[in-house]
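Chain by chain, the residues run as shown.
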Amino acid sequence: MIQRVHEHIISELNTNTRTDTIFVLTAIILNLISLGVNSGLASSGNGTTATIVMFTFVVLVLVVNFVAEIGLIRGRQMRKKLLDGLLKMYKDQGVDGYYDPSLLKDYKTRYNLFMLTVLVTGIIAIVIPFIIR
């Protein structure tokens, strides 16, 4: 039974990693596309249509980045719970010496860096076109 629980936790960790990757890549790619589109619109003129499109992209960037940040926060929480369970299982089985608990801090740092990257690219995607304008 322990083997199946272990496999399930590992499977959940893999799913968690894939989901976090999708959140980060989606947000960053959207931010870069929005930056390019809005910068092009900002430099092309001051038409009403261009302004409406720019603000539409700003709203899209805000929503997608908000969802990505919440997803990453939840992903970090889930990963911690799964790893805590895994560490407890390893301790109960007497093999806890093979997993360094300080890795939990490294995972937290990695999540914080992902979240910072999403946040900064989102801010840049919003601010730069308005500076150009």
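Residues numbered from 1 in each chain as written. Predicted model: local features only at pLDDT ≥ 70, side-chain atom pairs only at ≥ 80, totals over all residues. Heavy atoms only, no water.

(A) Local environment of the overall build of the chain. Helix and strand counts for the chain stand at 3 helices and 0 strands. Along the chain, helices (α) and strands (β) appear in the sequence α-α-α when read from the amino end. In terms of overall dimensions, the chain is more spread out than a globule: its C-alpha atoms have a radius of gyration of 20 Å, far above the 14 Å expected for 133 residues. On the principal axes, the C-alpha backbone points of the chain span a range of 70 × 25 × 15 Å. Within the chain, buried positions represent 31% of all 133 residues. A separation of at least 24 residues holds for 84% of the contacts in the chain among residues at least 6 apart in sequence. In the form shown here, the chain has an accessible surface area of approximately 8,400 Å², with 69% of it arising from carbon and sulfur atoms. For the chain, the distance from the average site of its 13 positive side-chain charges to the average site of its 9 negative ones is 7 Å. (Helix = DSSP H or I, 4+ residues; strand = E, 2+ residues; numbered from the N terminus. Rg over C-alpha atoms; globule rule 2.2 N^0.38 Å. Buried < 20%, exposed > 50% of the residue type's maximum accessible area, 1.4 Å probe, protein only. Contact = heavy atoms within 4.5 Å. Areas by Shrake-Rupley, 256 points an atom, 1.4 Å probe, with all protein chains shown as cover. Lys, Arg positive; Asp, Glu negative; His and termini not counted. Charge placed at Lys NZ, Arg CZ, Asp CG, Glu CD.)

(B) Up close: the environment of isoleucine 9. Relative to the helices and strands, isoleucine 9 resides in helix H1 (residues 2-44). If we ignore the near neighbours within four places in the chain, the residues touching isoleucine 9 are Leu82, Gly85, Leu86 and Met89.

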